[in-house]
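# Fold and contact review
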Amino acid sequence: MANSTNKMPALFIGHGSPMNAIEDNDFTRNWAKIAREIPKPEAILAISAHWYTTGSRITDETYPKMVYDMYGFPEELYRVVYKAKGSPELAHLTKDLIKRTVKIDNSWGYDHGTWSVLSKMYPEADIPVYQLSVDSNASAETHFQIGQEISSLRDKGVLIFGSGNVVHNLSKISWGMEGGHPWAVEFDHYIKEKIIKRQYQDAINYKSAGNSSELAFFTPEHFYPLLYILGASKEDDRVSIFNDSCVMGSLSMTSYLFQ
């Protein structure tokens, strides 16, 4: 996949269960495939649903710690170590690009929204990674605006990587179900249609999807990383959609690549 403009893509991954870090399935194989098809990043800015904070925060450690922010999973999952270095210099540049206050915060590190995916995309862990949090106090519009403010990182070889799920309602999980509940499929389709048509304002105002938006998630932290990626996208990007499906009733794995 040629990249004639020398800019890195912006990528949103529906990460689903942390078990994907130790499983081999269609979703994880597609993550690895995307990594092979895009240019190798100089660094990765990860915006994960699992770092949901009061105010915006960013890590600037040279050696970020592992965060095992999930409970009741097999021991093997807690032994996964993703050894990528951080990028203090790019963290400070990113902080300066964002017009709102951003605090340096190294109490966090690589959470499973980041390492479960990157361990499949870049198993050698030879690309620096740093994380930007999702501000629980900010509006949907603000998350999109931050994405716009950091979009120039793409011209510096930084892969802007959002990790979450368009539909994420753990209270409605049906463990044996292969597809999605009708409302989950409806909301996922609504967002997909708006992205394809570049009607981003309708994605930001996701409640205009109607009843399906009431069930898609009860708290928006898994949805908001997508808005950063939409903000970081550019008019001349092509959008590719992959892992286009819902699983276990109420999780969307649908992922978007802008390049």
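Computed from a prediction, not measured in an experiment: that's the story for all the values here.

### Quick word on the pairing of strand 8 (residues 158-164)
- Buried residues dominate strand 8, accounting for seven of its seven residues.
- Of the pairings in the sheet, the one linking strand 1 (residues 10-14) to strand 8 comprises five bridges and is parallel in character. Bridging across to strand 8, Ala 10 finds its partner in Ile 160.
- Here strand 2 (residues 43-48) pairs with strand 8 via six bridges, running parallel. Following the sheet pairing, Ala 46 is matched in strand 8 by Phe 161.

### Considerations on the pattern of salt bridges
- Counting across every chain of the model gives 13 salt bridges.
- Among the ionic pairs, Lys 33 bridges to Glu 37, the shortest N-O distance being 3.0 Å. In this pair, Lys 33 and Glu 37 are both assigned in helix 1 (residues 26-37), four residues apart and thus about one turn of the helix distant.
- For Asp 105, the salt bridge is made with Arg 57, and the minimal N-O distance between the two is 3.2 Å. Highlighted residues: Asp 105 in the loop between strand 5 (102-104) and helix 3 (112-121) and Arg 57 in strand 4 (residues 56-58), separated in sequence by 48 residues.
- Overall, Asp 105 belongs to the buried group, its relative accessible area being 12%.

### Quick look at the sheet that holds strand 6 (residues 129-131)
- Taken in spatial order, the six strands line up as 6-2-8-1-12-9 in an open sheet, and their pairing is mixed. Of all strands in the sheet, those with a lone pairing partner are strand 6 and strand 9 (239-242), marking the two edges. In this sheet, neighbouring strand axes are inclined to one another by 20° on average, regardless of whether the strands run parallel or antiparallel.
- Along the sheet face, helix 3 touches strand 1, strand 2, strand 6 and strand 8 and points at about 125° away from the line of strand 8.
- Its contacts with the sheet place helix 5 (residues 182-196) against strand 9 and strand 12 (255-258), and it is angled at close to 10° to strand 12.

### Brief notes about helix 3
- Of all ten residues making up helix 3, nine are buried, and the element is well covered by its neighbours.
- The set of residues buried in helix 3 consists of His 112, Gly 113, Thr 114, Trp 115, Ser 116, Val 117, Leu 118, Ser 119 and Met 121.

### A look at the side chain of Thr 28
- Along the chain, Thr 28 falls in helix 1.
- Taking the relative accessible area as the measure of exposure, Thr 28 reaches 4% and is therefore buried.
- Residues contacting Thr 28, with those up to four places away along its chain left out, are Asn 20, Glu 23 and Lys 120.

### Examining the nonpolar core
- Among the nonpolar cores identified, the biggest contains 46 residues, and Leu 132, Val 166, Phe 187, Ile 191, Phe 223, Leu 226 and Leu 230 are the most heavily contacted of them.
- A per-element tally of this core places helix 8 (residues 224-232) first, with seven residues.
- When residues no more than four places from it in sequence are discounted, the contact partners of Val 166 are Phe 12, Phe 187, Asp 188, Ile 191, Phe 217, Phe 223, Leu 226, Ser 252 and Tyr 256.
- Counting residues in each nonpolar core, the second largest holds 36 residues, with Ala 35, Tyr 82, Ala 125 and Val 129 among its members.

### Digging into the packing of helix 4 (residues 140-150) against helix 8
- Relative orientation of the contacting elements helix 4 and helix 8 amounts to 40°, with a least axis distance of 6 Å. The orientation of helix 4 relative to helix 8 falls into the category oblique. When you trace helix 4 past helix 8, the crossing you get is right-handed. Between helix 4 and helix 8, the contacting residues are Ala 140, His 143, Phe 144, Ile 146, Gly 147 and Gln 148 on the first element and Tyr 224, Leu 227, Tyr 228, Leu 230, Gly 231 and Ala 232 on the second.
- Considering only residue class, the contact of helix 4 with helix 8 consists of eight nonpolar, four polar and no charged.

Parameters at a glance
Residues numbered from 1 in each chain as written. Predicted model: local features only at pLDDT ≥ 70, side-chain atom pairs only at ≥ 80, totals over all residues. Heavy atoms only, no water. Buried < 20%, exposed > 50% of the residue type's maximum accessible area, 1.4 Å probe, protein only. Helix = DSSP H or I, 4+ residues; strand = E, 2+ residues; numbered from the N terminus. Pairing = 2+ DSSP bridges. Salt bridge = Lys/Arg side-chain N within 4 Å of Asp/Glu carboxyl O. Axes fitted to C-alpha atoms, helices over the stretch in contact; angles between N-to-C directions. Contact = heavy atoms within 4.5 Å. Core = buried A, V, L, I, M, F, W, Y, C linked by side-chain atoms within 4.5 Å. Parallel < 35°, antiparallel > 145°, perpendicular 65-115°, else oblique. Left-handed = near helix turned anticlockwise from the far one by under 90°. Nonpolar A, V, L, I, M, F, W, Y, C, P; charged D, E, K, R; others polar.

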